Each structure stands twice: as structure tokens, then as C-alpha cells.
Amino acid sequence: AQSVAQPEDQVNVAEGNPLTVKCTYSVSGNPYLFWYVQYPNRGLQFLLKYITGDNLVKGSYGFEAEFNKSQTSFHLKKPSALVSDSALYFCAVRDMNNNAGNMLTFGGGTRLMVKP
Amino acid sequence: GAGVSQSPSNKVTEKGKDVELRCDPISGHTALYWYRQSLGQGLEFLIYFQGNSAPDKSGLPSDRFSAERTGGSVSTLTIQRTQQEDSAVYLCASRDGLAGATDTQYFGPGTRLTVL
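Treat the numbers as computed from the prediction; the structure is a model and nothing was measured.

### Details of the overall build of chain A
- A tally of helices and strands in chain A yields zero helices and 12 strands.
- When the helices and strands of chain A are listed from N to C terminus, the series reads β-β-β-β-β-β-β-β-β-β-β-β.
- Relative to its length of 116 residues, chain A is compact, with a C-alpha radius of gyration of 14 Å against a globular reference of 13 Å.
- Reported as C-alpha extents along the three principal axes, the dimensions of chain A are approximately 45 × 30 × 25 Å.

### Regarding the packing of aromatic side chains
- This structure, assessed with the given rule, holds 16 aromatic pairs over all chains.
- Ring geometry for Tyr50(A) and Phe67(A): centres 4.1 Å apart, planes at 15°, overall stacked. Residue Tyr50(A) is located in strand β6 (residues 44–50), and its partner Phe67(A) is located in strand β8 (residues 64–68); the two are separated by 17 residues in the primary sequence. Grouping residues by exposure puts Tyr50(A) and Phe67(A) together as buried.
- On the basis of an interplanar angle of 25° and a centroid distance of 6.2 Å, the ring pair of Tyr33(B) and Tyr35(B) is categorised as stacked. Across this residue pair, the class does not change: Tyr33(B) and Tyr35(B) are buried.
- One aromatic cluster is present, formed by Phe34(A), Tyr36(A), Phe46(A), Phe90(A), Phe106(A), Tyr33(B), Tyr35(B), Phe45(B), Tyr48(B), Tyr106(B) and Phe107(B) through successive ring pairs.

### Observations regarding the state of the cysteines
Residue and element names in this part refer to chain A.
- As enumerated under the stated definition, the model contains two disulfides over all chains in all.
- Paired by a disulfide, Cys-23 and Cys-91 hold their sulfur atoms 2.0 Å apart. Across the S-S bond of Cys-23 and Cys-91 the torsion is about -65°, and the bridge reads as left-handed. One end of the pair, Cys-23, is in the loop between β3 (19–21) and β4 (24–26); the other, Cys-91, is in strand β10 (residues 87–94), and 68 residues separate them in sequence. Per residue, the accessibility class of Cys-23 equals that of Cys-91, and both read buried.

### A few points about the interface of chain A and chain B
- Every contact between the two is made by 23 residues of chain A and, on the other side, 20 residues of chain B.
- Overall, the association of chain A and chain B removes approximately 1,700 Å² of surface from exposure, summing both partners, and the carbon and sulfur fraction of that is 59%.
- Joining chain A to chain B, the criterion identifies zero salt bridges.
- Residue composition of the side of chain A that touches chain B, by class: 12 nonpolar, eight polar and three charged.

### Structural notes on the environment of Asn17(A)
Residue and element names in this part refer to chain A.
- By secondary structure assignment, the location of Asn-17 is in the loop between β2 (10–14) and β3.
- C-alpha separation for the pair Asn-17 and Gly-59, spaced 42 residues apart in sequence, amounts to 19 Å.
- Discounting chain neighbours no more than four positions away, the residues touching Asn-17 are Pro-79, Ser-80 and Ala-81.

### Focus on the pattern of salt bridges
- Evaluation of the coordinates by the stated rule reveals eight salt bridges over all chains.
- Taking the shortest distance from any N to any O, the salt bridge between Glu64(A) and Lys58(A) comes out at 2.9 Å.
- Here Arg95(B) ties to Asp103(B) by a salt bridge, and the two come within 3.2 Å at their closest N and O atoms.
- Under the relative-accessibility criterion, Asp103(B) is labelled buried at 10%.

### Some words on the nonpolar core
- Core analysis: the biggest nonpolar cluster contains 27 residues, and Trp35(A), Leu47(A), Leu48(A), Phe74(A), Leu76(A) and Tyr89(A) have the highest contact counts within it.
- Going through the elements one at a time, β2, β3, β5 (33–38), β6, β8, β9 (73–78), β10 and β12 (110–115) of chain A are the ones with two or more residues in this core.
- Here this core gets four residues from one element, more than from any other, and that element is β10(A).
- Core analysis: the second largest hydrophobic core is formed by 21 residues, Val4(B), Val19(B), Leu21(B) and Ile26(B) among them.

About the criteria used
- Residues numbered from 1 in each chain as written.
- Chains lettered and ligands numbered in written order.
- Predicted model: local features only at pLDDT ≥ 70, side-chain atom pairs only at ≥ 80, totals over all residues.
- Heavy atoms only, no water.
- Helix = DSSP H or I, 4+ residues; strand = E, 2+ residues; numbered from the N terminus.
- Rg over C-alpha atoms; globule rule 2.2 N^0.38 Å.
- Phe/Tyr/Trp six-rings, centres within 6.5 Å; stacked < 30°, edge-to-face > 60°.
- Buried < 20%, exposed > 50% of the residue type's maximum accessible area, 1.4 Å probe, protein only.
- Disulfide = S-S within 2.5 Å.
- Contact = heavy atoms within 4.5 Å.
- Buried area = accessible area lost by both parts, 1.4 Å probe.
- Salt bridge = Lys/Arg side-chain N within 4 Å of Asp/Glu carboxyl O.
- Nonpolar A, V, L, I, M, F, W, Y, C, P; charged D, E, K, R; others polar.
- Core = buried A, V, L, I, M, F, W, Y, C linked by side-chain atoms within 4.5 Å.

Remember, this is a structural readout, not a statement about activity or role.
See below:
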């Protein structure tokens, strides 16, 4: 079965500094990986995905993620954090179960706090 | 364009009552998903529809939960005889369904269910 781990419950970073939110995965076959962000009392917003191709994926709001097959990681990064980036971030992997529509298996989430 | 919408946004009910949650997917999206987000369980998959058909209902937590989709569009998730452990945010997502599993799932804002 697929699984995703986000080892940090919370990440604190000062505004203007680079940020990294970590994600590791375990899948059989090729991994299809996603990052979503959730602001308070809102649903999940898609940030970016890795399907194939370049290991560095660029997404919305200046975020990017680096796929590393040997380390089975897909860390989310941003060169310069904004206070408005403070939110809950979820990493997810596509499941291989076709009967479940290749639904997403999510990590536990990481709360990002960006301080002025 | 219009995204995924869900109603109600909040629902407070008494233990033992039935509730019905509604999801209106992005127009033209054939695949629809229900997830549940709770403090103890994180984000968990409940059920998937391709068109009006749900191939696998094993993700539903108990036989008190049921879901249907009509006309390949709107879906309803029904919880009968609600229990306090059903309190959670219920999220709906849809995807195109035609480009394969690499499609992105787009989420609605969720329904926050509180069972007293």
C-alpha cells in the first residue's frame, strides 16, 4: 500500500527566509505526487504535482518541489517565505487502486508558520 | 470558472439524527471523491464515483454512511443515526477523469459536521 510521511507537524520560518516542508513516500511503481495547501476554514488548494519529467516542479504562489527518487522524497520549497504562506500543507500520493479512482493518500499535514 | 461547491458549509446536529451533505463538482468532471478530515484520522478517503457508479464502497466507515451521484453531477453523502465520532470536515473533490490518473483533483470548501 502507498503511504506518505510528513515528519514535521510544524515548521517555523521568518518572512523572507527560504522554507522547506518535508515529504517522503512509499509506493509500488511510479509515484504520482501532489502538494496541497489548506487555509483556515477552507478546502484544499492544489499547488503542484509531479508525474514525470524534470525533478524540479514549479507550482502556484512561487512554490516548487523537488522529486528525489533515491531518497523517496518530494520536499516543498520556496525561496522567500511570506506571512501569507502560513497555512496547513499536505503531501499526497496517487493510489494504485483503480476501483478507488486512483484516490489520493495524504500525509498528516505540516503547519507552516511564517513570522514577520 | 466555478469550482467545486459543497453545502451546507456547517452543520450541527444531534446524535442519532440523519444528515445529508451535498457536493456539486466542476462542470464536466466525471470523477468525484469524498474524503473526511478529522483530528485523529487526518485526511481519509471515503468513496469514489466515476459517472454515477461507485466501484468500491469499502472506504465508507460504517453502514450508516451511504453516497449517491445522479446525472453524473451532484453527489450526496448521507450519514444515518449520526454519532459524535462522525464529527469532521467532509471534503468533496472532482477531476476530469478523461486524462487518466494524472489528473489533478480539485477540492471544495468542505462541510464541517458537528454531532452533539
